[in-house]
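Report on the structure
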Amino acid sequence: MAAPDRMNDYLSGPNPVDGGLRHARRGRRGKGFVAGIVVGALLLVGGGATAAWFGYRASLDDNLERIDAFEGVDESTRPSAAPAGPDTPVNILVLGSDSRISAGDPNAWEAGAQRTDAIMLVHLSADRQTAAAISIPRDSWVPIPGVGEAKINAAFSYGGPPLMIQTVEQLTGVRIDHFAVTDFESFTTLTDSLDGVEITVPDGAGGSVRQAMNGEEALAFARERHALANGDFGRVQRQQAWMRAIVAKANNNRSDPLKMAGFLQAVTSSVAVDESFTFDRMQELFQSAGDISTNDITFMTAPYTGTGRSADGQSIVVLDRAAFDSLMAAVAKDDLPGFLADAPENMDLLPAVVQ
């Protein structure tokens, strides 16, 4: 089946292991898709932060739920690590789903029971001038270590965060530095903590318009799939559009310590992260990425040729491996802007918003 018209349809339609899921702190809220927004917002609102709301460090760090995401990941199979130091790229794997079950709750998680709704690789350049959020379609047919070929979201179901990290690293050749996961339940909280957001939607006449949405409205917008001309691919871009709106609104509010304190309370209460992704680490990234604006972030979907059927009859997404491998090689070399400058016209980029 041919790929849909990606640029025109992006917002079309109406509005078997423990998985490394042992906690440092147990028994808390559910997590999922909003991790992508969480990470992006944390990186991008920090440049204008004041000491006032960083004074909440202890409370904010305590809010963060911990996951042993890298437990059992074989170091010998991993891509090489970048040299240690402040001028190194950072790659964060973020996951999410519609499920109310916490991906980090070992009392609720069961092998084979959960699959991720959204998979996103967030790349922060070494010079801290650009960032990218690359969505990998959940139905992408890929090799899963120890399992064989399957949909990529099955890696989380079979082995939790460690197997998902191994799968993504071996698929992309990109080393994952941090891991985060959250859920749609947090979607409304984050949006409403900013008094709503403005998301760019089609105006019905071939153009677009910014539409103000509260949390419930944004949730319905991002969950829509069946009424979209390009189905799951359109849903991915709706999620990206909301992510961009959250980051833009947070950036606009970053000089207001009171609003930012409330927003960061909501953010840190909405995400589970690997044990090394402490609030101090986040603060370090805040400060180093302070020059990045919303327009410096590239939102895109990993290259694909369309949909198809696996040998056992499953509906799958077929990655365009030539384009995908070139893209990921650029990420691994921290040369994404150079790659995008010469990228094919059919790359699935979220259309820019005219300011």
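It should be noted that the structure appears before, not after, this text.
Cut-offs and rules
- Chains are numbered independently. Their residues run from 1 in the order of the written sequence.
- Per-residue local features of the predicted model are confined to residues with pLDDT of at least 70, and side-chain atom pairs are confined, for both listing and counting, to 80 or more; whole-chain, interface and lining totals are unaffected and use all residues.
- For the side-chain quantities, the full set of heavy atoms in the structure was used; hydrogens and water were omitted.
- Put simply, DSSP H or I for four residues or longer makes a helix, DSSP E for two residues or longer makes a strand, and each gets a number counted from the N terminus.
- Reported accessibility uses the Shrake-Rupley method at a 1.4 Å probe radius. Residues are deemed covered only where the shown protein chains occlude them.
- Simply put, an axis is a line fit to the C-alpha atoms, just over the touching stretch for a helix, and the angle between two N-to-C directions goes from 0 to 180 degrees.
- Throughout, a residue-residue contact means that at least one pair of heavy atoms, one from each residue, lies within 4.5 Å.
- Throughout this entry, Asp, Glu, Lys and Arg are counted as charged residues, while Ala, Val, Leu, Ile, Met, Phe, Trp, Tyr, Cys and Pro are counted as nonpolar. The remaining residues, Gly among them, count as polar.
- In what follows, roughly perpendicular refers to angles from 65 to 115 degrees, roughly parallel to angles under 35, roughly antiparallel to angles over 145, and oblique to any angle outside these ranges.
- Exposure categories follow from relative accessible area, calculated using a 1.4 Å probe and restricted to protein chains: below 20% of the type maximum is buried, above 50% is exposed, and the middle band is partly exposed.
- Salt bridges are defined as contacts in which a side-chain nitrogen from Lys or Arg sits within 4 Å of a carboxyl oxygen from Asp or Glu.

**Some words on the overall build of the protein**
- Within the protein, the secondary structure is distributed over 11 helices and 14 strands.
- In the structure as shown, the protein presents an accessible area of about 14,000 Å², 49% of it carried by carbon and sulfur atoms.

**Considerations on the packing of helix H7 (residues 231–253) against helix H8 (residues 257–268)**
- H8 packs onto H7 with a crossing angle of 145° between their chain directions and a minimal axis gap of 9 Å. Contacts between H7 and H8 involve Ile 246, Ala 250 and Asn 253 from the first element and Lys 259, Met 260 and Phe 263 from the second.
- Among the residues making up the contact of H7 with H8, the classes are represented as 4 nonpolar, 1 polar and 1 charged.

**Focus: the environment of Gly 148**
- Tracing the sequence through the fold places Gly 148 in strand S6 (residues 148–151).
- Ignoring anything within four residues of it in the chain, the contact list for Gly 148 reads Val 142 and Pro 143.

**Considerations on the packing of helix H6 (residues 215–223) against H7**
- Axis separation between H6 and H7 bottoms out at 7 Å; the angle between their running directions is 150°. As summarised for this structure, H6 and H7 are arranged roughly antiparallel, according to the angle between their axes. Contacts between H6 and H7 pair Ala 218, Phe 221, Ala 222 and Arg 223 from the former with Arg 235, Arg 238, Gln 239 and Trp 242 from the latter.
- Considered class by class, the residues forming the contact of H6 with H7 number 4 nonpolar, 1 polar and 3 charged.

**What to know about unusual backbone geometry**
- Although it is not a glycine, Arg 128 sits at a positive phi angle of roughly 60°.
- Here Arg 128 lies in the loop between strand S3 (118–124) and strand S4 (131–135).
- With relative accessibility at 5%, the residue Arg 128 sits in the buried group.
- Even without being glycine, Asp 334 reaches a positive phi, approximately 60°.
- By the secondary structure assignment, Asp 334 is in the loop between helix H10 (321–332) and helix H11 (336–341).

**Some details on the pattern of salt bridges**
- Going through the model one piece at a time under the given rule, you end up with 9 salt bridges.
- Between Glu 75 and Arg 175 there is a salt bridge, with its nearest N and O atoms 2.9 Å apart. Highlighted residues: Glu 75 in the loop between strand S1 (65–67) and strand S2 (90–97) and Arg 175 in the loop between helix H4 (154–172) and strand S7 (178–183), separated in sequence by 100 residues.
- A residue is classified by how much of its surface remains accessible, and Glu 75, at 46% relative accessible area, is partly exposed.
- Judged by its relative accessible area of 14%, Arg 175 falls in the buried class.

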